Structures are given as structure tokens and as C-alpha cells.
2 protein chains.
Amino acid sequence: MVGVAILGHGVVGSGVAEILEKNASRLAQKSMQDIELLYVLDVREFPDCPYAAKFTKDFSVIENDPRVQVVVETIGGVGVALDFTRRALLGGKNVVSSNKELVAEYGAELLSIARERNLNYLFEASVGGGIPIIRPISQCLAANELHEIYGILNGTTNYILTRMISHGLTMEEALAEAKQHGYAEANPTDDVEGNDACRKICILAALAFGRQIMPSSVSTEGITGVTLRDVRYAASGGMVVKLLGRAKVLDNGNVSAYVAPHLIHRDNPLASVEDVFNGIVVTGDAIGDVMFYGRGAGKMPTASAVVADIIDAAKHLNARKLIFWDKADDNKFEPASAIPSAWYVRAKMSESQARELFGEISMLSCDEAADGEIAFVTPEIGGEMPSAAGIESVMRVL
Amino acid sequence: MVGVAILGHGVVGSGVAEILEKNASRLAQKSMQDIELLYVLDVREFPDCPYAAKFTKDFSVIENDPRVQVVVETIGGVGVALDFTRRALLGGKNVVSSNKELVAEYGAELLSIARERNLNYLFEASVGGGIPIIRPISQCLAANELHEIYGILNGTTNYILTRMISHGLTMEEALAEAKQHGYAEANPTDDVEGNDACRKICILAALAFGRQIMPSSVSTEGITGVTLRDVRYAASGGMVVKLLGRAKVLDNGNVSAYVAPHLIHRDNPLASVEDVFNGIVVTGDAIGDVMFYGRGAGKMPTASAVVADIIDAAKHLNARKLIFWDKADDNKFEPASAIPSAWYVRAKMSESQARELFGEISMLSCDEAADGEIAFVTPEIGGEMPSAAGIESVMRVL
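Residues numbered from 1 in each chain as written. Chains lettered and ligands numbered in written order. Predicted model: local features only at pLDDT ≥ 70, side-chain atom pairs only at ≥ 80, totals over all residues. Heavy atoms only, no water.

Chemist: Just give me the short version of the overall build of chain A, but keep the residues and values in it.
Modeler: Counting its regular elements, chain A contains 13 helices and 17 strands. Computed over its C-alpha atoms, the radius of gyration of chain A comes to 23 Å, within 12% of the 21 Å expected for a compact globule of 398 residues. Referenced to the eigenvectors of the C-alpha coordinate spread, the extents of chain A come out at roughly 75 × 45 × 35 Å. Long-range pairs, those at least 24 residues apart, make up 73% of the contacts in chain A with a sequence separation of at least 6. (Helix = DSSP H or I, 4+ residues; strand = E, 2+ residues; numbered from the N terminus. Rg over C-alpha atoms; globule rule 2.2 N^0.38 Å. Contact = heavy atoms within 4.5 Å.)

This is the structure:
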């Protein structure tokens with residue numbers, strides 16, 4: 001029997017508990033032994049819950065029960081979640097997490113503690129909800145030298161952009177609709193400002209390239225500056241606006257990463273990733289481009305990814321998975337400007353001025369263009385964002 | 001040290017040898033021990049090969065060398081490949097395979113031998129080339145009850161259809177082009193008749209639903225009946241023609257599977273899977289739809305998937321992965337007609353005749369329509385392929 005304790009009975013934690021309680025026999029078959037939910041830690045009371053007897057408010061009860069071999073951390077944030085994760089690992093328990101903030105900021109430390117103690121720290125659910133991505137990168141693509149990872153990592157902003165593109169809603173209208181459907185939280189800052197996507201690209205980059213990248217060092221631009229006119233100019237050139245997280249190995253071996261809205265061509269497989277779906281492209285030397293697509297959030301998709309990690313941890317109590325990355329090193333990280341790019345530019349200037357500034361540009365059009373406004377795509381001109389008098393909007397073109 | 005022997009020095013086998021020889025130190029790091037290529041079995045001579053000294057023509061040399069712990073079978077077919085795989089497993093060696101024909105037809109038996117002897121029989125490369133799909137299904141989606149799998153499983157036919165759709169080539173022109181580019185073999189029967197896709201959907205279905213399905217029992221239709229007019233009628237309804245393998249759990253718990261060309265809507269993520277790329281959609285109760293996308297064939301993508309399995313086998317010499325399925329059971333398999341469908345129909349009949357036969361149809365159009373010909377999409381009318389006087393072409397619509 002493998003005993004499990006869940007920390008945090010929120011959306012994901014309660015989904016995990018539900019799966020463990022309802023599908024016990026199927027899970028036992030998959031993991032070749034019984035998996036038993038022993039504790040759920042939460043500061044709140046859930047008296048009507050079918051497993052109400054398993055609740056505790058005291059982490060030390062879990063910490064001191066040797067039957068608990070897998071601790072599931074779905075608290076979120078870097079406060080008690082960090083403290084409990086450290087204590088669980090130091091106490092010889094495997095930890096499974098859906099906490100992207102914690103993995104992005106403290107992954108190197110926690111993986112290092114896990115390695116020293118021959119334990120697993122698994123976090124498939126931290127990126128892409130239920131989409132398999134962490135395990136495919138660390139195992140299936142193990143024979144590849146990975147060069148680049150980029151993708152649509154946040155469902156809320158992708159829903160908003162999709163509604164702007166397909167139904168001509170403004171950003172504000174689309175955000176209001178996303179809140180109505182429960183796709184955006186009351187305070188959507190972390191989503192619309194790109195912070196959520198930033199944590200996820202940091203985790204993917206660390207996994208793929210072997211070194212932690214601190215979210216605080218990653219240039220992060222959300223979608224609040226994207227206008228309906230930008231969306232229409234993009235459409236005139238066969239492109240759509242998508243918020244991408246991107247990390248790339250540079251020629252000198254350093255890594256650069258950023259989060260920003262992009263114009264991408266309709267024939268890019270990411271262009272058809274719509275609504276709340278996520279899509280992640282991984283580029284390797286042998287495999288070329290591989291894309292993973294699915295629902296990037298939601299209670300049951302995310303919970304099912306956590307449970308897959310629990311099964312894996314239960315099957316590998318004495319055979320650690322090899323997920324590991326080194327501590328962050330500022331000398332090996334470069335800003336977004338290190339990645340050259342073609343740029344979308346919307347500006348109040350003449351076409352000839354634009355050509356003087358940027359060379360061979362491709363003009364875009366929009367029925368509702370403002371007076372004296374033009375928009376165009378530059379040739380590849382380096383990674384510094386173009387700036388000049390009259391420029392009102394700038395985005396990378398992929 | 002983990003000793004490896006490669007059986008068959010063809011496209012994939014030589015790619016595997018290349019990776020093992022060139023990336024030894026990276027692989028050692030990933031698998032936490034040295035992986036050494038000890039033998040390459042082939043009936044041919046390769047005197048100029050840098051590892052020429054490792055060639056043997058005698059399988060018993062490999063069989064009797066206890067240093068060989070992983071045998072890589074890239075021979076293909078179900079002749080000596082089956083014999084050698086059985087002997088390797090019975091002799092206590094793990095086996096990694098890229099041989100879809102063998103896995104599709106003898107998977108249950110070989111997995112059963114592996115299980116009895118606590119060995120691994122791994123075959124990530126047998127479906128989707130280097131696209132991670134076997135491991136994600138068996139591990140990452142382990143907490144899901146899977147309902148359905150379908151996808152573009154053959155790159156050659158997808159290239160041909162893409163060229164017909166995007167450049168108006170006829171089937172024959174597109175096939176000739178595919179041969180020129182090396183995307184189709186001199187004898188492309190297995191690809192264009194759907195047999196290759198059939199083997200792959202059998203493997204995916206067995207893995208997802210736990211029971212072998214014999215390729216011989218799966219209704220298999222290739223692309224040879226698809227005409228340029230069909231492609232154009234599809235386009236008029238916002239659809240593209242794609243060859244899909246599909247397997248589905250029916251309401252009674254039985255499984256049905258088939259291979260056939262389909263019309264799919266442009267907003268289906270598979271619609272943008274073009275050229276030689278593959279795309280595989282997996283549907284689970286918790287996760288919903290997940291898609292895996294990438295190059296489904298080619299020397300290095302496929303070889304990199306084999307090497308990932310070698311690493312996995314090396315890391316799990318004493319901890320078997322849980323991949324297993326039962327023997328085929330005709331009583332639990334139903335023909336394609338068990339899956340209801342809307343249908344594309346091209347026929348010499350009047351619109352009113354068509355409405356009489358099929359009810360509320362949606363008409364399609366084509367500039368080059370033949371005299372008296374119409375094409376339309378029926379409502380969902382059951383899984384039996386529509387047949388009536390005048391019908392010239394029929395395809396499922398997904």
C-alpha cells in the first residue's frame with residue numbers, strides 16, 4: 001500500500017481526492033499496488049465531504065506518519081507550499097505538485113533535495129494542465145538535443161484573443177465573457193499580464209535546457225496592449241495574434257526566454273490552437289518540431305495529470321526518475337533582444353518613412369485604420385524591439 | 001554498463017547505431033550508466049562503417065553474450081524479427097522495437113513473455129516515428145479512462161493528400177512527387193492502401209483499451225479512391241480530406257476500429273496537419289482531447305525514439321514498465337459499421353432524390369463537377385456506408 005496525503009483542498013486538490021477515492025481499483029492495477037488517500041490538509045472545514053474523516057489542519061501529522069509515501073502539493077504559491085514541500089522531501093516522502101510558481105522559482109533546490117534522498121519530485125500538472133509535456137520532454141525526447149520551446153501556455157488569454165479574432169470582440173468585452181464562463185478569475189492580472197505563461201516557460205526551459213531560469217529575469221509582456229485593429233491587420237496578412245512563451249538556445253550556448261504577443265502565420269500548427277486550449281512546440285535535433293495540444297487547465301484535466309504522477313511515484317518508490325536541473329546562472333541567460341525577429345509594426349508614419357527605417361516591409365491592411373496609420377511586417381532585423389517616432393504597437397512575427 | 005545489440009542495419013537501425021556511437025556521454029548521463037553498442041546483426045557487409053568490428057551475422061552470438069541486456073529490433077516484418085524477439089526475451093534480454101507489424105500482430109504474446117520474465121518490451125518508435133505517443137498514453141494519461149483514438153498515422157498519404165488539396169495535383173502526380181522526394185517507396189502499396197495506418201491504429205487501440213486487435217480484422221480503406229473532385233467538394237464545405245485510423249470504445253464496452261479517408265472540418269486540429277506530418281488525437285474522460293503532432297517517420301526522428309526507449313530500458317533493468325494488453329477476442333471487437341457517422345456522398349442523382357434517401361443534407365459544390373453529379377454531407381445516419389444507385393464516392397465526415 002502506498003499512502004497519499006493531499007495538501008490543499010482547492011480545485012485541483014479536490015479533483016485529485018475524487019479520482020483517488022472513485023477509481024481506487026483501476027489505479028491499483030496501473031500502479032501494481034493499492035494507493036490509499038490517508039490525509040487531506042486544509043485550513044477550511046469540509047464536513048459534508050465523503051472523505052471528511054481524512055481532513056487535518058496539522059502538517060506534522062502527515063510528516064510523522066510513515067505510511068505517507070507520496071505528498072501531493074496543490075496549495076499553490078511559494079509560502080507554506082515551499083515549507084511543506086521541503087519538509088516532506090527532507091522527511092523521505094515523494095512529492096507531486098501542480099504548483100507552477102513553486103517549481104519555476106524553487107525547482108532547482110527541490111529537485112536537488114529529492115536527488116540527494118533518492119526521491120521523486122514530479123510536476124506534470126504544473127504546465128499544460130493535463131497535456132503530457134513534462135514526461136515527454138524528460139523521457140521520450142531524451143535522445144534529442146533540444147533547441148527551442150515555445151507555445152500557447154495560458155488558456156485565459158488564448159480564449160480572449162480567439163474571441164477578438166473570430167468574433168471581433170474588444171479585449172474588454174472578451175475578458176468580461178471569459179470571466180462569465182469561469183475561464184478568467186475575478187483578478188485576471190497573472191493571466192493577462194503574462195505572469196502565468198512566464199512561470200510555465202521557465203519550467204519548460206529548465207527541463208529542456210538543464211538550468212533554472214528565474215521568472216523575474218524573463219521579459220514578460222501580456223495581451224493588454226493588443227487592440228482589435230492589430231488583430232485585423234494581422235488577419236490581412238494571413239496571421240493571428242497569439243501570446244507565446246518562448247525559450248531558445250543561442251549560438252553561444254546561452255539561453256534566452258521571454259513572454260510576448262506574436263503574430264503567427266495560419267499555417268503554423270499553433271495558429272489553430274483556439275479558445276482555452278494550449279499548444280506547446282518542442283524542437284529537437286533528431287525529431288524536428290513536435291507539438292502537444294489539449295486543455296491547459298481545468299479541475300479534472302489537471303487532477304488527472306497529478307494522479308498520473310502519483311501512479312508513477314508509487315511505481316518508482318525505489319527507482320528515481322531522472323528529472324533534474326542546475327541552479328540559475330545569470331551569466332548563461334540573455335535577454336529577449338538576443339533573439340532576432342521580424343516585427344509587426346503599427347505606426348503613424350508614411351510608407352516611405354517606414355521603408356527608410358526598416359527596408360523591405362510587407363504592408364498590412366485594416367478597414368478601420370486610424371487616420372495616417374499604417375501597419376507592416378519588417379524583415380528580420382535583430383532582437384531589439386523597433387522604436388521610432390510614430391510607432392504605436394510592435395509585436396514579434398513568428 | 002548496459003550492452004546493446006542492434007538487429008538490422010537499415011534506415012532506423014543505422015540511425016540508432018549512429019546516435020549510440022556519437023552521443024555516448026550524453027546518453028550515459030541520461031541513463032545514469034554507460035550504454036555500449038556491442039553488436040550489430042545484419043546479413044549484409046558494411047566494411048567501411050566506423051563500427052564495422054561490431055557486425056555479426058549470427059544471432060546466437062548476441063543471445064549467448066550475457067553483457068547484452070537490451071536488444072534493438074529494427075528488422076521489420078514478422079519473420080526472423082519475431083523469432084529473434086522471442087528468443088531475446090526468453091533469454092532474459094529487454095527488447096526495444098520500431099517494428100509496427102510485429103507489435104500489431106504479436107504484441108500480446110511478446111508483452112506476456114516480457115511480463116513473466118520481468119523484462120521490458122518497448123516500442124515508442126512503432127507509431128508516429130519520433131512523436132512521443134506510446135509513453136504518454138501508457139503513463140501520462142494513466143488516470144484517464146480513454147474513449148477514442150484517431151489520427152493521421154501515415155506521412156506518405158498525408159503528403160499526397162496535402163499536395164492534392166493545396167496544389168491541385170492529381171493522386172498520380174502527387175504520388176510521383178512523393179516518390180521523388182523519398183517520401184514514398186518504389187512500392188507504396190502498404191501506405192496508399194492504408195495497411196501501415198492500420199497496424200498503427202491497432203497498436204494504439206491495444207495500448208489504450210487493453211486488448212489486441214488484429215490488423216486483419218480491421219476494415220482498411222486507403223486513399224486510392226480519393227479524387228481531386230472529392231478534395232474540391234470538401235473545400236467548398238470548409239473541409240479537407242485526410243486518411244484517418246480510428247478506434248473507439250462503444251457503449252457496450254466493445255471496441256471498433258477502422259482506417260478510411262475522412263472529410264474533416266478546418267477547425268479540427270488535425271486539419272492543419274500537413275505534408276509528411278502525423279497528428280494523433282486521444283480522448284479521455286478527464287483530459288478531453290489531447291493531440292500529439294510531429295514528423296511521423298524518417299531515419300533520425302524514429303531512431304531518436306528507439307534510443308529514448310533504450311535509455312528507459314537501461315534505467316529500468318529491474319523495474320518493469322507497465323505496458324500490457326490482453327489477447328485479441330473477436331467477441332469484443334465490432335466492425336466499423338458500429339460507429340455512426342455523417343457521410344460525404346458524391347453521386348449521379350438529383351438533389352431531391354438525395355433528400356429522399358438521406359434527409360437533411362448539406363450540398364457541396366465544385367467548379368469541375370461532372371454532368372448530373374452532386375455531392376453533399378448527410379446527417380448522422382448510422383455506421384453502414386450509404387449505398388444506392390448513382391453513388392460514386394462515399395467518405396465519413398468527422
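Chemist: Give me the relation of the copies chain B and chain A: which residues, what numbers.
Modeler: Between chain B and chain A, which share one sequence, the superposing operator has a rotation angle of 180 degrees and an axial displacement of 0.0 Å; the RMSD is 0.0 Å. The two molecules are tied by a two-fold rotation axis, judged by turn and shift. When each C-alpha of chain B is compared by its distance to the rotation axis, Phe292(B) comes out closest, at 2.5 Å. A shared binding surface is used by both copies, with 100% of the interface residues of chain B retained as interface residues in chain A. (Least-squares fit on C-alpha atoms with pLDDT ≥ 70 in both.)

Chemist: How would you explain the sheet that holds strand E4 (residues 68-73) of chain A if you had to name every residue and give the values?
Modeler: Reading across the sheet, the six strands line up as E3-E2-E1-E4-E5-E6 (chain A) and stay open at both edges, with parallel pairing between neighbours. Looking at strand neighbours, the two that pair on one side only are strand E3 (55-56) and strand E6 (121-122) of chain A, the edges of this open sheet. (Pairing = 2+ DSSP bridges.)

Chemist: Mind laying out the side chain of Arg26(A), listing which residues take part and the relevant values?
Modeler: Assignment of secondary structure puts Arg26(A) in helix H2 (residues 24-31). Those residues in contact with Arg26(A) that sit more than four places away from it in its chain are Ala142(B), Ala143(B), Asn144(B), Glu145(B) and Asp285(B).

Chemist: I'd like a description of the sheet that holds strand E1 (residues 2-7) of chain B, backed by residues and values.
Modeler: All names here are of chain B. Read from one edge to the other, the open sheet built from six strands follows the order E3-E2-E1-E4-E5-E6, with strand pairing classed as parallel. The sheet terminates laterally at strand E3 (55-56) and strand E6 (121-122), the two strands that pair on one side only. Relative to strand E5 (residues 94-97), strand E4 (residues 68-73) is paired through four bridges, and the arrangement is parallel. Within E5, the residue paired with valine 71 across the bridge is valine 95.

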